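Residue-level structure breakdown
Take a look at the letters that make up each chain.
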There are 2 protein chains.
Amino acid sequence: MQVIERVSELPTVLDAERRAGRRVGLVPTMGALHPGHHALIQRAAAQCDVVAATVFVNPLQFGRGEDFAAYPRDLGADVTRAGRAGADIVFAPAAGDMFPPGHQTTVGAGRLGEMLEGASRPGHFDGVATVVAKLCALAGPSRVYFGEKDYQQLLIVRRLAVDLGFPVEVVACPTVRDLDGLAWSSRNHLLDPHERAAAPVLYRALRAGAASILAGELDPAEVGALVGDIAEAEPLVSLDYAAAVEAATLAVPEKLHGHTRILVAARLGATRLIDNVGVEVPA
Amino acid sequence: MQVIERVSELPTVLDAERRAGRRVGLVPTMGALHPGHHALIQRAAAQCDVVAATVFVNPLQFGRGEDFAAYPRDLGADVTRAGRAGADIVFAPAAGDMFPPGHQTTVGAGRLGEMLEGASRPGHFDGVATVVAKLCALAGPSRVYFGEKDYQQLLIVRRLAVDLGFPVEVVACPTVRDLDGLAWSSRNHLLDPHERAAAPVLYRALRAGAASILAGELDPAEVGALVGDIAEAEPLVSLDYAAAVEAATLAVPEKLHGHTRILVAARLGATRLIDNVGVEVPA
C-alpha cells in the first residue's frame, strides 16, 4: 500500500502505471471508510489494475454551521480498510495542498446542483464539483467510482465528466445497507443509540413509496407525501424533503413514468441523513 | 495537417502521440489567425513534437450585445495559416459538440476574473475558464500557449491550471505588434480606416505610462490617468479603463513596485480593443 500525501505526486505515479499498461481506478472518498466504500473499492479492484482511493474531507462542500470540524477523520484506519478492500494507493492530501492560499478557480454544478440537496445546502455541489474536477484532472484517464447512495452527486459527477471533457468513465455502484436497511454513511456513527434505532425508517419509507408506484400511484406529490409521512411518523425524525422525480434529470414530472428515483433527506438530532431508491414505473 | 472536428477524437489522437513519446503543444485560439497566433504556434512547434491549434469561437465568453455573431470565422484560411506556422493538428469542434444541450457545468475564474476586463464584461472570464478547462481536460498532459496580449486571461489560465490540477504547463508569449505598434487582434480588421489609423494611440499611451514610471512616478492613479488622457486625446477613442497594477495579482498597490503591468481598454467605433505592457519599477 502506497500512501501519497502530495498533490504533485499523484499524476506522476498514475501516469507511470498507465505507461506500464495498467488501467487506473479512482475511488474518491472523504474517509471514515465503511462497507459502502469497501464495495466501491472492491468493484474498482475487480475492473482495474491499480486502484487509488482518495481520502480528503473537502472543506468546499461543507456550508457554514455544517459538520466539517466534526466529520470523522482517522487516516490510519482508512489506509488499513482501503488496503483490505483492494486499494493499492491511498491519496490523502492536506487541505492546504489541495486548495493552497490564492486558490480561486471553482467549478459550478449548474441546475442539477440547485435542487433537493442543493436547495438545502447552498454551494454544496459546487464544492463537490470543484474537488471532483481536480481529482479527475490529477488522476488522468481512469474509471471513477461513486455510490448511488449520493444519487444527486452521482448525476452531477457524470454530467461534469462529460461537460468538461475529462477522460474518465464514471461507474455507479449500488447503495450498501446495514442489516436493518439503513444505508451506510460515515455520519451514521454520529447517531446516538435511539437515533440509530430510528434511522431505518428512511429506507422503509422509500420502499413504501416505491411500492405505491408499483401499485399504480403516478402522482409525484402523492408519493413524496407518503414517504414523508412515514418518515415523520418516527418522532426522532425531522424531515427535510421527500420527492419522486425523473431519475435522469431530477425533474418533477406531471405523472411519474419510466426511470424514477425517490429521494429523502431528514435530520435525526444533529445528524442529517439522505437515502434514495430507484423504481421503474410500469408501462 | 489533420483537422479534427469531433470532441471525442482529440484525446484519442493526442494520447497516441504521447504514447509514441511525443510532447504535445496546445494553442487555443478563436480562429481568425493573425501574426500573434502565428508566433504562438511557431513557439509551440519549437518546443513540442506535435502541435494542436484549436479554432473555436467560444459562445460562453461573449456577453449579450457583444460581437459573437460578427466575430470573424474562416476555417479554411485558419487551417492554412496554422499549418504554415507549424501546427500538425487543427481542432475545430462545432459549438453543439463542445457544449451540447444539457451542458451545465461551468468553471468560475474567481477574483482575478472580476476586475478590469471582468468588470466591463461580466461573465466573460468564467466563459474563458470553462472552455480552457475543457480544452485542457481533452488535451491531457501538454504545454499550452497563451499570448500576453490578453494579459488578464493569461493570469487566469495559469491560476486555473494550478487550482484544478491540470497536467499542463502554461507558456506565455510576448504580444506581437504591427509596424505602427498596434497589437495584433482578430478584431483589428473590424476597424474602419480612420479607426485603424487612430488605434496605435493605445500602445503609445501605454509606453508613455511605462516611461513615466521609469522617470519616478509611483502613484498608480497618476499613471492610469496619464495613459487614459493620452488615449482619449484621440477623438475616435472612447476609453473604458487605464490602470497600473501589480503584475501577479492585478491589485492596485498604494505605491507601484516590482513587476508592474499597465493595461488599457477602449472602444473605437463599435470595436473594443485591449492592450498592455509590463514595466519593472526601479528599486
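Scoring rules and cut-offs
Residues numbered from 1 in each chain as written. Chains lettered and ligands numbered in written order. Predicted model: local features only at pLDDT ≥ 70, side-chain atom pairs only at ≥ 80, totals over all residues. Buried ≥ 20, exposed ≤ 12 C-beta atoms within 10 Å, placed from the backbone. Helix = DSSP H or I, 4+ residues; strand = E, 2+ residues; numbered from the N terminus. Pairing = 2+ DSSP bridges. Right-handed = clockwise from strand over helix to strand, strands pointing away. Contact = placed C-beta atoms within 7 Å. Nonpolar A, V, L, I, M, F, W, Y, C, P; charged D, E, K, R; others polar. Core = buried A, V, L, I, M, F, W, Y, C linked by C-beta atoms within 7 Å. Least-squares fit on C-alpha atoms with pLDDT ≥ 70 in both. pLDDT = per-residue confidence, 0-100. Axes fitted to C-alpha atoms, helices over the stretch in contact; angles between N-to-C directions. Parallel < 35°, antiparallel > 145°, perpendicular 65-115°, else oblique. Left-handed = near helix turned anticlockwise from the far one by under 90°.

**Describing the pairing of strand E6 (residues 142-147) of chain B**
All names here are of chain B. Counting buried positions along E6 yields five of six residues, so the element is predominantly enclosed. Where strand E2 (residues 24-29) lies against E6, two bridges are found, and the strand directions are parallel. Its bridge partner lying in E6, leucine 26 is registered against valine 144. Both E6 and strand E7 (residues 168-173) contribute to a ladder of six bridges, which runs parallel. By the bridge assignment, glycine 147 is partnered in E7 with cysteine 173. Where the polypeptide runs from E6 across helix H7 (residues 151-163) and back to E7, its parallel neighbour, the crossover connection is right-handed.

**A word on the interface of chain B and chain A**
Each side of the interface is counted separately: chain B has 25 residues, and chain A has 25 residues. Only strand E5 (106-108), helix H6 (124-139) and H7 of chain B provide two or more residues apiece to the side of chain B that touches chain A. Counting residues per element, the side of chain B that touches chain A draws most heavily on H6(B), which supplies five residues. Partitioned by chemical class, the residues of the side of chain B that touches chain A number 13 nonpolar, eight polar and four charged. Pairing between strand E5 (residues 106-108) of chain A and E5(B): three bridges, direction antiparallel. Looking at the pairing, Thr106(A) lines up with Gly108(B) of E5(B).

**Points about the nonpolar core**
Residues Val264(A) and Val264(B) are the most contacted members of the largest nonpolar core, which totals 178 residues. Beyond its immediate stretch of four places on either side in the chain, Val264(B) contacts Leu202(B), Ala205(B), Leu206(B), Val227(B), Ala231(B), Ala242(B), Ile274(B), Asp275(B) and Asn276(B).

**Observations regarding the relation of the copies chain B and chain A**
Structural alignment of chain B on chain A gives an RMSD of 0.0 Å, achieved by rotating through 180° and translating 0.0 Å along the axis. Both chain copies can therefore be described as sitting about a two-fold axis. Across chain B, the rotation axis passes nearest the C-alpha of Val107(B), at a separation of 2.2 Å. Most of the interface of chain B is mirrored in chain A: 100% of its interface residues are interface residues there too.

**Details of the confidence of the model for chain A**
Considering every residue of chain A, the mean pLDDT works out to 97; 100% of them sit at 70 or more. What the predictor reports for the complex is a pTM of 0.96 with an ipTM of 0.93.

**Section: the sheet that holds strand E8 (residues 237-246) of chain B**
Residues and elements named next belong to chain B. With antiparallel pairing, three strands are arranged side by side in an open sheet as E8-E9-E10. Two strands in the sheet have a free side with no partner beyond their single neighbour: E8 and strand E10 (271-280). Across the sheet, the mean angle separating the axes of adjacent strands is 15° when strand polarity is ignored. Pairing of strand E9 (residues 259-268) with E10, which is carried by 10 bridges, proceeds in the antiparallel orientation. Looking across to E10, one finds that arginine 261 is bridged to glycine 278.

**Examining the packing of helix H6 (residues 124-139) of chain A against helix H7 (residues 151-164) of chain A**
Residue and element names in this part refer to chain A. Here H6 crosses H7 at 50°, and the two axes come no closer than 10 Å. Relative to H7, H6 is oriented oblique. The way H6 lies across H7 gives a crossing that is right-handed. In this structure, H6 uses Phe125, Val128, Ala129, Val132, Ala133 and Cys136 to contact H7, whose residues at the interface are Gln153, Ile156, Val157, Leu160, Ala161 and Leu164. Grouping the constituent residues of the contact of H6 with H7 by class yields 11 nonpolar, one polar and no charged.

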